[in-house]
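Listed below, chain by chain, are the residues.
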Number of protein chains: 2
Amino acid sequence: MAKIIATKNSSKKEVIAKKAAALFRNKSFAATSMRELAENIGVEASSLYNHIGSKNELLQTICFKVANDFTIHLNEVEKNTNSSIIKLEELIRFHINMMLSHSDEVFVANHEWKQLSEPFLSNFMNQRKSYENRWVEIIKDGIRKKELKNLNPHITVLTILSAVRSVEFWQRHKKSIESNDLESNIIDHLLNGLIK
Amino acid sequence: MAKIIATKNSSKKEVIAKKAAALFRNKSFAATSMRELAENIGVEASSLYNHIGSKNELLQTICFKVANDFTIHLNEVEKNTNSSIIKLEELIRFHINMMLSHSDEVFVANHEWKQLSEPFLSNFMNQRKSYENRWVEIIKDGIRKKELKNLNPHITVLTILSAVRSVEFWQRHKKSIESNDLESNIIDHLLNGLIK
DNA sequence: ATAAAAAACTAATAAGTGTTAGTTTTGATA
DNA sequence: TATCAAAACTAACACTTATTAGTTTTTTAT
């Protein structure tokens, strides 16, 4: 009889969620069946329900874990009294590192959140909007202190948050690009621009 | 009896593809049923098959139309003898305008291409890789001519192609951001950076 | 070794899937 | 007005879906 193997660091539920994140990323949430997930883990589909509530709950677990990680880090950054530039650099660095260390989960949170059911969908969107607004405040502060150029803060935030997702593409190019280069290049590009 | 209404500019097949793009964008390809698509158009699901071959074919139509539009524009840019900076600016501008004028189709091509079936999936990935490589050459040329900083050209391309996708996010913020600002801000940010 | 709890299994449910076959209606042309 | 093709319809197919019920096996604790 097959078994779900919990490790010291991950409960059985976490093992399932981890595998689910990988499948949701590669095939999309809707196109991944519970039978397929079960097969990847090595048990029957119905056995999963001893450990999880539903397929939807798996998506919720993944999305809110990621959202909370980002929120917690932002709390830390806001506490410090660094310049806006340092704060932005820390935030960008955290995004890049999260995408490298939890790539499946972050991908799913970025691309499959729309499949959340209510009220989780609304919660998620609100949490995201609040997160963006707090970035905007950091940028506004930097403009006020003449540290940053007077670009539109909302657009700037959206541009940065989009740009860091290049790490997703990078996963396809791993051979030709070093991971250290990736981080420094993106930060340099976004902060200092491309033109000599 | 309900009908699919073709206009002067769009055949019935194009009307279906347009509506499909909107649904595939908002619900994902896998989560959109042919019955749902049909209902949105105002006919029965089986009636669609008088005009299209399959659900998969719809996705192919959408994805390759977008891919070809980008390839054709890149051909034009390469023909001209402008500086690399002007070329990049033209390319970025085109991306932004495509996302504004064909937002559903571009979104689907960006996010749902994984659901393509073979051999279309491989074709699409190859076309995309070739497109990226031609961007890389433009950047390399700019570095050679001392127009651009010596950043990693691959990462630079990925960063730009990611960053322009901020237009997707912008659709959620329409009220607070002008579309003109959007274009100039993104270009300024990506070319000249954020720091004063 | 025994009893209880946890977690696996098989089997089934009800609903939904893309698509096809066959039929009827529609709209244009002769 | 009669004819014919285009395009709509209804009904059905064969399959897949998430999830539950009921049962058996495995693990844990006494």
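Rules behind the numbers
Residues numbered from 1 in each chain as written. Chains lettered and ligands numbered in written order. Predicted model: local features only at pLDDT ≥ 70, side-chain atom pairs only at ≥ 80, totals over all residues. Heavy atoms only, no water. Least-squares fit on C-alpha atoms with pLDDT ≥ 70 in both. Contact = heavy atoms within 4.5 Å. Near = heavy atom within 4 Å. Polar contact = N/O pair within 3.5 Å; in protein donor to acceptor, adjacent residues only side chain to side chain. Helix = DSSP H or I, 4+ residues; strand = E, 2+ residues; numbered from the N terminus. Nonpolar A, V, L, I, M, F, W, Y, C, P; charged D, E, K, R; others polar. Phe/Tyr/Trp six-rings, centres within 6.5 Å; stacked < 30°, edge-to-face > 60°. Buried < 20%, exposed > 50% of the residue type's maximum accessible area, 1.4 Å probe, protein only. Lys NZ or Arg CZ within 6 Å of the ring centre and 35° of its normal. Core = buried A, V, L, I, M, F, W, Y, C linked by side-chain atoms within 4.5 Å. Axes fitted to C-alpha atoms, helices over the stretch in contact; angles between N-to-C directions. Parallel < 35°, antiparallel > 145°, perpendicular 65-115°, else oblique. Salt bridge = Lys/Arg side-chain N within 4 Å of Asp/Glu carboxyl O.

Novice: Help me understand the relation of the copies chain B and chain A, please; the structure alone is not making it clear to me.
Specialist: One copy of the chain maps onto the other through a rotation about an axis followed by a shift along the same axis. The two copies are related by a screw motion: chain B maps onto chain A through a turn of 180° and a shift of 0.0 Å along the axis, at an RMSD of 0.0 Å. What the superposition gives is, in effect, a two-fold axis relating one chain to the other. Comparing contact sets, 100% of the residues at the interface of chain B also lie at the interface in chain A, consistent with an isologous, same-surface contact.

Novice: How should I be thinking about the protein's contact with DNA strand D in this particular structure?
Specialist: Taken together, the neighbourhood of DNA strand D is formed by 22 residues, with Tyr 49 of chain A together with Glu 44, Ser 46, Ser 47 and His 51 of chain B sitting nearest. Among atoms of DNA strand D positioned within 4 Å of the protein, sugar and phosphate together represent 63%. Within the side chain of Ser 46 of chain B, an N or O atom sits 2.7 Å from a base oxygen of DNA strand D. Mapped by element, the contributors of at least two residues to the surface near DNA strand D are helix H2 (34-41) of chain A together with helix H3 (45-48) of chain B. For the surface near DNA strand D, the per-class residue count stands at seven nonpolar, eight polar and seven charged.

Novice: Can you walk me through the packing of aromatic side chains in this structure?
Specialist: Aromatic rings in a pair are described by how distant their centres are and how their planes are angled relative to each other. A full pass over the atoms with the stated rule returns 14 aromatic pairs over all chains. Taking the centre distance of 4.9 Å and the plane angle of 80° together, the rings of Phe 24 of chain B and Phe 29 of chain B count as edge-to-face. Classification of Phe 29 of chain B as buried rests on a relative accessible area of 6%. The interplanar angle of 20° and the centroid separation of 6.0 Å between the aromatic rings of Trp 113 of chain B and Phe 124 of chain B together place this pair among those described as stacked. Taken together, the residues Trp 113 of chain B in the loop between helix H6 (103-111) and helix H7 (120-144) and Phe 124 of chain B in helix H7 connect sequence positions 11 residues apart. Per residue, the accessibility class of Trp 113 of chain B equals that of Phe 124 of chain B, and both read buried. Taken together through their ring pairs, the aromatic side chains of Phe 64, Trp 113, Phe 120 and Phe 124 of chain A make up a single cluster. The ring of Phe 29 of chain A has Lys 55 of chain A sitting right over it, with the charged end atom 4.4 Å from the ring centre.

Novice: Mind showing me how you'd approach the nonpolar core here?
Specialist: Where a protein is soluble and globular, its nonpolar side chains tend to be buried together. Counting 98 residues, the largest nonpolar core has Trp 135 of chain A together with Leu 37, Leu 48 and Trp 135 of chain B as its most contacted members. Top element by residues in this core is helix H4 (residues 55-79) of chain B. It accounts for 10 residues. Beyond its immediate sequence surroundings of up to four residues, Trp 135 of chain B is in contact with Leu 74, Leu 88, Leu 91, Ile 92, His 95, Val 157, Ile 160 and Leu 161 of chain B. The next biggest cluster of nonpolar side chains, apart from the first, holds 27 residues, and it includes Ile 4, Leu 37, Ala 45 and Ala 67 of chain A.

Novice: What is the right way to read the packing of helix H1 (residues 12-27) of chain B against H4 of chain B from this model?
Specialist: Axis angle and axis distance: for two packed helices, these are the angle between their axes and the distance between the axes, and together they describe the pair. All names here are of chain B. The geometry of H1 relative to H4 is characterised by a closest axis approach of 10 Å and an angle of 90° between their N-to-C directions. Compared by their axis directions, H1 and H4 come out roughly perpendicular. On H4, the residues touching Lys 13, Ile 16, Ala 17, Ala 20, Ala 21 and Phe 24 of H1 are Lys 55, Glu 57, Leu 58, Leu 59, Thr 61 and Ile 62. A class-by-class count of the residues in the contact of H1 with H4 yields eight nonpolar, one polar and three charged.

Novice: Looking at this structure, how should I read the pattern of salt bridges?
Specialist: Opposite charge on two side chains allows them to pair when their charged atoms are near. Residues and elements named next belong to chain B. Taken as a whole, this structure holds 26 salt bridges over all chains when the rule is applied. One salt bridge connects Arg 128 with Glu 132, and the closest N-O pair in it is separated by 3.0 Å. On the criterion of helical spacing, the pair formed by Arg 128 and Glu 132 is a turn pair, its members being four residues apart in helix H7. For the pair shown, Arg 128 and Glu 132 are each scored as buried. Taking the shortest distance from any N to any O, the salt bridge between Arg 144 and Asp 141 comes out at 3.0 Å. Of this pair, Arg 144 and Asp 141 both sit in helix H7, three residues apart, roughly one helical turn. Assessed through its relative accessible area of 23%, Asp 141 is described here as partly exposed.

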